[in-house]
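Understanding the architecture of this molecule
Listed here are the chains, written in short residue letters.
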Amino acid sequence: NKFRDNLLAGAEPNTAVTLFSFDTYFPAVATTDILSRVADVLACKPSELAFYPVPKLMIRRVGDHEQYSALRAAELGDGTLEAREIEDCETYMNLFVNDNSLLEQMNTSIVNNNKEGIYDGCKNAVRIALERSQAS
C-alpha cells in the first residue's frame, strides 16, 4: 500500500483529512487493518473497530448493541464516548485539532493498555487453539 508506506517512511499526507469509503465489507476492513498503523484518529461507528489500538472518534451507532463498544473504548481511554450529533463530533474534532492533550492521553492509554495485554485477544485465541490442537 503506497499511501501507508509513504506515511511509515515519514512523509506527510497531501491533505489534512483523508477519507476512505467502500461499498463492500472486505475492502473496508482490509484498509482499516493496513492504515491503522499510520492513522492519527479513526472515526468509526462503535463496532469491532472500537477494539483497534488507535485513537478513535466514536460516531453514532447503528445498533443499540454497539453502545457497549463505545463505552469500553472510553473506559480504556483510547476512544471517545459516542458522538451522537454533529455538534458532538465538532467538539471532539476541535479538541483533536486545537489541543493535543486528548490525543496524547489516548496514545498514552494505548501504550499502557498494550503493556497490559488488552489488545491481545486474537493472539490469545490463536495460542489457545494451538495449545488445544496439540493436546489432542
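Residues numbered from 1 in each chain as written. Predicted model: local features only at pLDDT ≥ 70, side-chain atom pairs only at ≥ 80, totals over all residues. Heavy atoms only, no water.

Things to note about the overall build of the protein
Of regular secondary structure, the protein possesses six helices and two strands. Put simply, the protein runs from its N terminus to its C terminus through helices and strands in the order α-α-β-β-α-α-α-α. For the C-alpha atoms alone, the extent of the protein along its principal axes is close to 55 × 35 × 35 Å. Looking at the protein as a whole, 31% of its 136 residues are labelled buried. In the protein, 38% of the contacts between residues at least 6 apart in sequence involve partners at least 24 apart. When the accessible surface of the protein is split by element, carbon and sulfur atoms take 55% of a total near 9,400 Å². In the protein, which carries 13 positive and 20 negative side-chain charges, the distance between the mean positions of the two groups comes to 8 Å. (Helix = DSSP H or I, 4+ residues; strand = E, 2+ residues; numbered from the N terminus. Buried < 20%, exposed > 50% of the residue type's maximum accessible area, 1.4 Å probe, protein only. Contact = heavy atoms within 4.5 Å. Areas by Shrake-Rupley, 256 points an atom, 1.4 Å probe, with all protein chains shown as cover. Lys, Arg positive; Asp, Glu negative; His and termini not counted. Charge placed at Lys NZ, Arg CZ, Asp CG, Glu CD.)

A look at the state of the cysteines
The term disulfide refers to a covalent linkage connecting the sulfur atoms of a pair of cysteines. Tallied over the full model, the rule gives zero disulfides. Take Cys44: it sits in no disulfide, and the sulfur closest to it among the cysteines is that of Cys89, at 11 Å. (Disulfide = S-S within 2.5 Å.)

Looking at the environment of Ser36
By the element assignment, Ser36 lies in the loop between helix H2 (25–35) and strand S1 (42–44). The exposure class assigned to Ser36 is partly exposed, which follows from its relative accessible area of 21%. With 95 residues separating them in the primary sequence, Ser36 and Glu131 have C-alpha atoms 30 Å apart. Apart from residues no more than four positions distant in its own chain, Ser36 is found in contact with Tyr52 and Val54. Here Asp33 takes part through its backbone oxygen, which lies 3.4 Å from a polar atom of the side chain of Ser36. (Polar contact = N/O pair within 3.5 Å; in protein donor to acceptor, adjacent residues only side chain to side chain.)

Structural notes on the side chain of Thr31
Within the secondary structure layout, Thr31 lies in helix H2. For Thr31, a relative accessible area of 17% gives the class buried. In terms of polar contacts, Thr31 uses its side chain to reach the backbone carbonyl oxygen of Pro27, at 2.8 Å. Setting aside residues up to four positions removed in sequence, Thr31 forms contacts with Phe20 and Phe22.

Comments concerning the packing of helix H4 (residues 86–98) against helix H5 (residues 101–115)
A pair of packed helices is captured by two measures, namely the crossing angle of their axes and the spacing between those axes. Contact geometry of H4 with H5 gives a least axis separation of 6 Å together with a crossing angle of 85°. With respect to H5, the element H4 is oriented roughly perpendicular. Judged by residue contacts, Tyr92, Leu95 and Phe96 of H4 engage Leu102, Leu103 and Met106 from H5. Taken together, the residues that form the contact of H4 with H5 break down as six nonpolar, no polar and no charged. (Axes fitted to C-alpha atoms, helices over the stretch in contact; angles between N-to-C directions. Parallel < 35°, antiparallel > 145°, perpendicular 65-115°, else oblique. Nonpolar A, V, L, I, M, F, W, Y, C, P; charged D, E, K, R; others polar.)

A few points about the packing of aromatic side chains
Within the structure shown, the criterion is met by one aromatic pair. Taking the centre distance of 5.6 Å and the plane angle of 75° together, the rings of Phe3 and Phe20 count as edge-to-face. One end of the pair, Phe3, is in helix H1 (residues 2–8); the other, Phe20, is in the loop between H1 and H2, with 17 residues separating them in the sequence. (Phe/Tyr/Trp six-rings, centres within 6.5 Å; stacked < 30°, edge-to-face > 60°.)

Some words on the pattern of salt bridges
A full pass over the atoms with the stated rule returns ten salt bridges. One salt bridge in this structure joins Arg72 and Glu75, with 3.6 Å as the shortest N-O distance. Residue Arg72 and its partner Glu75 are both found in helix H3 (residues 67–76); the two are separated by three residues, about one turn of the helix. On the basis of relative accessibility, which here comes to 35%, the residue Arg72 falls in the partly exposed class. Note that Arg84 and Glu82 form a salt bridge whose closest N and O atoms lie 2.8 Å from each other. Accessibility expressed as a relative area gives 17% for Glu82, which makes it buried. (Salt bridge = Lys/Arg side-chain N within 4 Å of Asp/Glu carboxyl O.)

All we've got here are geometric facts, nothing functional implied.
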